Amino acid sequence: MHSIKITEDYYPLAVLFQRCGLEVNPNDNKPEGIVKMWKCEDEETGELIGAATVQLLNGVYVVKHLAIDEEHRKTGIGKILLQLAEEELKNLGASEIWLSGKVPDYYLRFGWEKVQPEDAPSFSKCLKCSQFNQVCFPSIMKKLF
Ligand SMILES: CC(C)(COP(=O)(O)OP(=O)(O)OC[C@H]1O[C@@H](n2cnc3c(N)ncnc32)[C@H](O)[C@@H]1OP(=O)(O)O)[C@@H](O)C(=O)NCCC(=O)NCCS
């Protein structure tokens, strides 16, 4: 069994995000504008098995991080965390929400759509990174409420 809780402690989440292949360095500060973070733990062991964060940056509402430890994937935890993240942004007043994602097919399942980078607001370092669309190919996506 697992439990999902709000957390204020970014560092362990950053370690998980990096382990799951996100462009996160745990030694960096918490990204600017993070408004809520969730952790999913194994109830018996306390092991961190998933996490998500949402961000409000220059008026843009963003699902910033979402990752589930490999051995716990495809059990529905990602879907629950994504729903919590989306609801939080909706409650903050978002009419549209954004992300820069490595697994666009995953988000397409949940009503997100791909957007050309030039049509997106400036919410992600990805858009300005020299690796963007050279060696790293995230999709810029949005969801309308
Ligand atoms: C993407 C990720 C968060 C999905 O989490 P998860 O807990 O395995 O996903 P869920 O179990 O909630 O999956 C929900 C549905 O999406 C499907 N799905 C899971 N991963 C998918 C993927 N990469 N592409 C398309 N569909 C996917 C599942 O099969 C499931 O389908 P079902 O409802 O028909 O059974 C997880 O694979 C992960 O952490 N990946 C590495 C980090 C990463 O890429 N994060 C996203 C960065 S933008």
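Below you will find a few notes about this structure. The structure displayed is predicted, hence computed values, not measured ones.

## Concerning helix H1 (residues 10–19)
Step number 1: Burial in H1 covers these residues: Tyr10, Leu13, Ala14, Leu16 and Phe17. Seen along its axis, H1 keeps its buried residues to an arc of 160°; they face one direction.
Step number 2: The inward-facing, buried residues of H1 abut strand E2 (34–42), strand E3 (48–57) and strand E4 (60–68).
Step number 3: Two residues or fewer after H1 comes glycine 21, characterised by a positive phi angle close to 95°.

## Quick look at the environment of threonine 7
Step number 1: Mapped onto the elements of the fold, threonine 7 is located in the loop between strand E1 (2–6) and H1.
Step number 2: What makes threonine 7 partly exposed here is the crowd of 17 C-beta atoms within 10 Å.
Step number 3: Counting along the chain gives 104 residues from threonine 7 to glycine 111, while the straight-line C-alpha distance between them is 27 Å.
Step number 4: When neighbours within four sequence positions are excluded, threonine 7 is seen to be in contact with Met37, Trp38 and Lys39.

## Here's the deal with the site of the ligand
Step number 1: Taken together, 19 residues are adjacent to the ligand, and Ala67, Arg73, Gly78, Lys79 and Gly101 come closest.
Step number 2: Elements represented by at least two residues in the shell around the ligand include exactly E4, helix H2 (77–91) and helix H3 (104–108).
Step number 3: Split by residue class, the shell around the ligand holds eight nonpolar, five polar and six charged.

## Quick notes on H2
Step number 1: Across its 15 residues, H2 extends 21 Å between first and last C-alpha, which sits within 8% of the 21 Å expected from 1.5 Å per residue.
Step number 2: Among the structural elements, E1, E2, E3, E4, strand E5 (96–101) and strand E7 (139–144) are those in contact with the buried residues of H2.
Step number 3: In the segment just after H2, glycine 93 is the residue with positive phi, at about 110°.

## Some thoughts on the nonpolar core
Step number 1: The biggest cluster of nonpolar side chains holds 33 residues, and the ones touching the most others in it are Ala51, Val62, Val63, Leu81 and Ala85.
Step number 2: Those elements that provide at least two residues to this core are H1, E2, E3, E4, H2, E5 and E7.
Step number 3: The biggest single contributor to this core is E4, with six residues.

## Let's talk about unusual backbone geometry
Step number 1: Even without being a glycine, asparagine 58 presents a positive backbone phi close to 50°.
Step number 2: Inspection of the secondary structure assignment puts asparagine 58 in the loop between E3 and E4.
Step number 3: One non-glycine residue with positive phi stands out, namely lysine 74, at about 60°.
Step number 4: Within the fold, lysine 74 resides in the loop between E4 and H2.
Step number 5: The exposure class of lysine 74 is exposed, given the 7 C-beta atoms found within 10 Å.

## Quick look at the environment of phenylalanine 132
Step number 1: Along the polypeptide, phenylalanine 132 turns up in the loop between strand E6 (113–114) and E7.
Step number 2: Given 17 C-beta atoms within 10 Å, phenylalanine 132 falls into the partly exposed group.
Step number 3: For phenylalanine 132, the residues in contact, after removing those within four places along its chain, are Cys126 and Leu127.

## Details of the environment of valine 115
Step number 1: Here valine 115 shows up in the loop between E6 and E7.
Step number 2: In contact with valine 115, other than residues within four places in its own chain, are Ala120, Ile140, Met141 and Lys142.

## Notes on the pairing of E7
Step number 1: Where E5 meets E7, six bridges bridge the pair, whose relative direction is antiparallel. The residue of E7 that forms the bridge with tryptophan 98 is lysine 142.
Step number 2: Across two bridges, the pairing between E6 and E7 is antiparallel. Looking at the pairing, glutamate 113 lines up with lysine 142 of E7.

How each quantity is defined
- Residues numbered from 1 in each chain as written.
- Predicted model: local features only at pLDDT ≥ 70, side-chain atom pairs only at ≥ 80, totals over all residues.
- Buried ≥ 20, exposed ≤ 12 C-beta atoms within 10 Å, placed from the backbone.
- Helix = DSSP H or I, 4+ residues; strand = E, 2+ residues; numbered from the N terminus.
- Arc of directions from axis to C-beta.
- Contact = placed C-beta atoms within 7 Å.
- Near = placed C-beta within 6 Å.
- Nonpolar A, V, L, I, M, F, W, Y, C, P; charged D, E, K, R; others polar.
- Expected span 1.5 Å × (residues − 1).
- Core = buried A, V, L, I, M, F, W, Y, C linked by C-beta atoms within 7 Å.
- Pairing = 2+ DSSP bridges.

So yeah, pure geometry; function would need other evidence.
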